[in-house]
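For reference, the chains in residue letters:
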Amino acid sequence: AQTVTQSQPEMSVQEAETVTLSCTYDTSESNYYLFWYKQPPSRQMILVIRQEAYKQQNATENRFSVNFQKAAKSFSLKISDSQLGDTAMYFCAFALGGATNKLIFGTGTLLAVQP
Amino acid sequence: EAGVAQSPRYKIIEKRQSVAFWCNPISGHATLYWYQQILGQGPKLLIQFQNNGVVDDSQLPKDRFSAERLKGVDSTLKIQPAKLEDSAVYLCASRPTVGTEAFFGQGTRLTVV
């Protein structure tokens, strides 16, 4: 069975600073995808960034980037130039490749960006 | 492109009552998920549909929860009878046949008193 672990329940960062959120996962499969989702108080899950396991290059989306360490089964999210609008719950998620693609979430990290 | 629609946004019921949630996925999306998110926790998958067939319902409490997806489009999730521990946000998500991203609705917050 696949599991996703987020060991930081809460994080705080000053506006314009950089913060890294941690995530580890466990799987014996080789074809899978990893995601970071953001959930603001409105409750709607929004995809922040996606990483395919077969790609060695770390994914980047504007101020968001990941550090994907496949051997260590680690998938951290770095947010640069933090903005007040980044305040939200952040969930790490895992999905197997293929049609079933069950999406498994970690417990989340509450990020507070301080002015 | 319209997003995933869910209704109602909020629902308060007494324990032992029944409740139903509705989800309209993005047009053409074959996969539909229902998740339960208890306060302070990550979403837990209740059931996954591929078109109108069930792919995974291993974590659905089948003695009280049921779900259906008519004609492979809209879906309803029902709880009967509700318990206090069912208080949670119920999220619906859909995913296209090609692609890995799941798109989420705004969820329904259920409070059982």
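Note that this is a predicted model, so its numbers are computed, not measured.

A short note on the overall build of chain B
Here comes step 1: Along chain B, the regular secondary structure elements total zero helices and eleven strands.
Here comes step 2: Helices (α) and strands (β) of chain B occur, in sequence order from the N terminus, as β-β-β-β-β-β-β-β-β-β-β.
Here comes step 3: A compact globule built from 113 residues should have a C-alpha radius of gyration of about 13 Å, and chain B, at 13 Å, falls within 12% of that.
Here comes step 4: Principal axes of the C-alpha set define a box for chain B whose edges measure 40 × 25 × 25 Å.
Here comes step 5: Sequence separation of at least 24 residues holds for 51% of the intrachain contacts in chain B that already meet a minimum separation of 6.
Here comes step 6: Accessible area of chain B: about 5500 Å², with a carbon and sulfur share of 51%.
Here comes step 7: Looking at chain B, you have 13 positive and 10 negative side-chain charges, and the mean spots of the two groups are 4 Å apart.

As for the pattern of salt bridges
Residue and element names in this part refer to chain A.
Here comes step 1: Applying the stated criterion to the full structure yields five salt bridges over all chains.
Here comes step 2: Between K73 and D26 there is a salt bridge; the shortest N-O distance is 3.4 Å. Of the two residues, K73 is situated in the loop between β8 (64–69) and β9 (74–79) and D26 in strand β4 (residues 24–26); the sequence distance between them amounts to 47 residues.
Here comes step 3: Relative accessible area serves as the criterion here: at 24%, K73 is assigned to the partly exposed category.
Here comes step 4: Between E52 and K55 there is a salt bridge, with the nearest N and O atoms lying 3.9 Å from each other.

With respect to the packing of aromatic side chains
Here comes step 1: Applying the stated criterion across every chain yields a total of 15 aromatic pairs over all chains.
Here comes step 2: Ring centres 5.8 Å apart and planes at 55° place the aromatic pair A:Y37 and A:F105 in the tilted group. You can see A:Y37 sitting in strand β5 (residues 32–39) and its partner A:F105 sitting in strand β11 (residues 103–105), a full 68 residues away along the chain.
Here comes step 3: Through a chain of ring-to-ring contacts, the aromatic side chains of A:F35, A:Y37, A:F91, A:F105, B:Y33, B:Y35 and B:F104 assemble into a single cluster.
Here comes step 4: The ring centre of B:Y10 lies 5.2 Å from the NZ or CZ of A:R43, which sits over that ring.

Considering the sheet that holds strand β1 (residues 5–7) of chain B
Residue and element names in this part refer to chain B.
Here comes step 1: Strand order in the open sheet formed by four strands is β1-β3-β8-β7, and the pairing between neighbours is antiparallel. Whereas interior strands pair on both sides, the edge strands pair on one side only; in this sheet they are β1 and β7 (65–69). With strand direction ignored, the average angle separating the axes of adjacent strands in the sheet is 15°.
Here comes step 2: By the bridge criterion, five bridges tie β7 to strand β8 (residues 75–79) in an arrangement that is antiparallel. For R69, the partnering residue across the bridge sits in β8 and is S75.

Some words on the state of the cysteines
Here comes step 1: Evaluation of the coordinates by the stated rule reveals two disulfides over all chains.
Here comes step 2: Shown here is the disulfide that connects A:C23 with A:C92, its sulfur atoms set 2.0 Å apart. Handedness of the A:C23-A:C92 disulfide follows from its S-S torsion of about -70°: it is left-handed. Taken together, the residues span a long stretch of sequence, with A:C23 in the loop between β3 (19–21) and β4 and A:C92 in strand β10 (residues 88–96) at a distance of 69 residues.
Here comes step 3: A:C23 gets classed as buried once you look at its relative accessible area, which sits at 2%.
Here comes step 4: With its sulfur 1.9 Å from that of its partner, B:C23 forms a disulfide with B:C92. Negative torsions about the S-S bond denote left-handed disulfides, and the value of about -70° found for B:C23 with B:C92 makes this one left-handed. With B:C23 in strand β3 (residues 19–24) and B:C92 in strand β9 (residues 88–95), this residue pair connects regions lying 69 residues apart in the sequence. The same class applies to B:C23 as to B:C92, namely buried.

Focus on the side chain of A:E52
Here comes step 1: Considering the arrangement of structural elements, one finds A:E52 in strand β6 (residues 46–52).
Here comes step 2: Those residues in contact with A:E52 that sit more than four places away from it in its chain are A:Y32, A:Y33 and A:F68.

Rules used in this analysis
- Residues numbered from 1 in each chain as written.
- Chains lettered and ligands numbered in written order.
- Predicted model: local features only at pLDDT ≥ 70, side-chain atom pairs only at ≥ 80, totals over all residues.
- Heavy atoms only, no water.
- Helix = DSSP H or I, 4+ residues; strand = E, 2+ residues; numbered from the N terminus.
- Rg over C-alpha atoms; globule rule 2.2 N^0.38 Å.
- Contact = heavy atoms within 4.5 Å.
- Areas by Shrake-Rupley, 256 points an atom, 1.4 Å probe, with all protein chains shown as cover.
- Lys, Arg positive; Asp, Glu negative; His and termini not counted.
- Charge placed at Lys NZ, Arg CZ, Asp CG, Glu CD.
- Salt bridge = Lys/Arg side-chain N within 4 Å of Asp/Glu carboxyl O.
- Buried < 20%, exposed > 50% of the residue type's maximum accessible area, 1.4 Å probe, protein only.
- Phe/Tyr/Trp six-rings, centres within 6.5 Å; stacked < 30°, edge-to-face > 60°.
- Lys NZ or Arg CZ within 6 Å of the ring centre and 35° of its normal.
- Pairing = 2+ DSSP bridges.
- Axes fitted to C-alpha atoms, helices over the stretch in contact; angles between N-to-C directions.
- Disulfide = S-S within 2.5 Å.

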